Amino acid sequence: MIINIFSKYFNKILNFVYPKFCKSCDVLLDNNFVFCHNCWDSIKPIASLDINISLSKKITVYAASSYSDPLKKLMFEKFYSKNVVFCKNLAFVMYKKTIIKDLQLDYLVPIPLHWSRYAKRGYNQSEVIAKELSKLLNIPVLDILKRNKKTYYQSTLSVKDKYLNLKNAFDIKDKYKNKYLLKDKKILIIDDLFTTGATASNAATVLFKEFPESVDLVVACRIV
Ligand SMILES: [Zn+2]
């Protein structure tokens, strides 16, 4: 209680010295997050979407929002900044606005980044989001996927080319091969943005070969 009062008092002082503004509408913030209460309330999770991976396998896609403001603004900040705090903010929104906390998961699996892009940026955004979600959900991250080849930037390609570009793009990391760690487990793939589903489908196809009970996906934004 005392700590709580103290931290509120401390935040007020911090805000006085370094005023913080809502990332979406620019009003002065009276909370410790990146959005004001109005903008926070305007983030509406969209209906989950099922994608068939094979005749008997499907994944469900959970999204905190469509690709629209205010979350779109945070996605932009994340993309252009090297500051991991925006990934952590997105993780918090995904945790609060979707039903992933009710899924009784075994592992969170981030979408891997090719090493050359990792070197350029310094970190993998999906991995940072996964680690933050891991703390919030108390579920371990299993960084089991690797990228086989340097895929082109997806945004520059047509829908058909996106699927071809990502075919065989992922594999199980060598150190996890033949260990069947995912057998009968409930897996949640973590990514920031869902566009055509090509990335998720290809990652899920690889994961299903490990005989999990289920594979699903959570993203911050899904383009609808
Ligand atoms: Zn606002």
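Use the structure listed above.
These numbers come from a predicted model, not from an experiment. (Residues numbered from 1 in each chain as written. Predicted model: local features only at pLDDT ≥ 70, side-chain atom pairs only at ≥ 80, totals over all residues.)

A. The arrangement of the nonpolar core in detail. Counting 52 residues, the largest nonpolar core has Leu-90, Leu-108, Val-109, Ile-189, Ile-190, Val-219 and Ala-220 as the members making the most contacts within it. Discounting chain neighbours no more than four positions away, the residues touching Val-109 are Leu-142, Ile-144, Leu-145, Ile-187, Ile-189, Ile-190 and Leu-207. (Core = buried A, V, L, I, M, F, W, Y, C linked by C-beta atoms within 7 Å. Buried ≥ 20, exposed ≤ 12 C-beta atoms within 10 Å, placed from the backbone. Contact = placed C-beta atoms within 7 Å.)

B. Molecular detail of the packing of helix 4 (residues 85–97) against helix 6 (residues 125–137). It is the contact of helix 4 with helix 6, at a shortest axis distance of 8 Å, that shows an interaxial angle of 50°. In this view, helix 4 runs oblique relative to helix 6, as classed from their interaxial angle. Between helix 4 and helix 6 the crossing geometry is right-handed. Contacts between helix 4 and helix 6 pair Cys-87, Lys-88, Leu-90, Ala-91, Met-94 and Tyr-95 from the former with Gln-125, Val-128, Ile-129, Glu-132, Leu-133, Leu-136 and Leu-137 from the latter. (Axes fitted to C-alpha atoms, helices over the stretch in contact; angles between N-to-C directions. Helix = DSSP H or I, 4+ residues; strand = E, 2+ residues; numbered from the N terminus. Parallel < 35°, antiparallel > 145°, perpendicular 65-115°, else oblique. Left-handed = near helix turned anticlockwise from the far one by under 90°.)

C. Structural detail: the environment of Ser-214. Relative to the assigned elements, Ser-214 resides in strand 8 (residues 214–222). Look at Ser-214 and you get partly exposed, because 18 C-beta atoms sit within 10 Å.

D. Representation of helix 3 (residues 71–80) in the model. Every buried residue of helix 3 is listed here: Leu-71, Leu-74, Met-75 and Lys-78. All buried residues of helix 3 project into a common sector of 105° when viewed along the axis, lining one side. Where helix 3 is buried, its residues contact strand 2 (58–66), helix 4, helix 6, strand 7 (193–194) and strand 8. (Arc of directions from axis to C-beta.)

E. Representation of unusual backbone geometry. Cis geometry is adopted by the peptide bond preceding Pro-70, which originates at Asp-69 and carries an omega value of 5°. In this structure, Asn-138 is a non-glycine residue whose phi angle is positive, near 60°. Within the secondary structure, Asn-138 is located in the loop between helix 6 and strand 4 (145–147).

F. Structural detail: the pairing of strand 1 (residues 46–52). Two strands pair when backbone bridges link them, and strand 1 and strand 2 are joined in this way by five bridges, in the antiparallel orientation. Across the sheet, residue Ile-46 finds its bridge partner in strand 2, namely Ala-63. Between strand 1 and strand 2, which follow one another and run antiparallel, lie five residues. (Pairing = 2+ DSSP bridges.)

G. Representation of the packing of helix 3 against helix 4 in the model. At a closest axis distance of 9 Å, the pairing of helix 3 and helix 4 adopts a crossing angle of 150°. Taken together, the axis directions place helix 3 and helix 4 in an arrangement best described as roughly antiparallel. Crossing angle aside, the handedness with which helix 3 passes helix 4 is left-handed. Mapping the contact onto sequence places Leu-71, Leu-74, Glu-77 and Lys-78 in helix 3 and Phe-86, Cys-87, Asn-89, Leu-90 and Val-93 in helix 4. Residues that form the contact of helix 3 with helix 4 fall into these classes: six nonpolar, one polar and two charged. (Nonpolar A, V, L, I, M, F, W, Y, C, P; charged D, E, K, R; others polar.)

H. Main features of the environment of Phe-170. In this structure, Phe-170 sits in strand 5 (residues 170–172). Phe-170 sits in the buried class, given 22 other C-beta atoms within 10 Å. For Phe-170, the residues in contact, after removing those within four places along its chain, are Leu-145, Arg-147, Asn-148, Asn-202, Ala-203 and Val-206.

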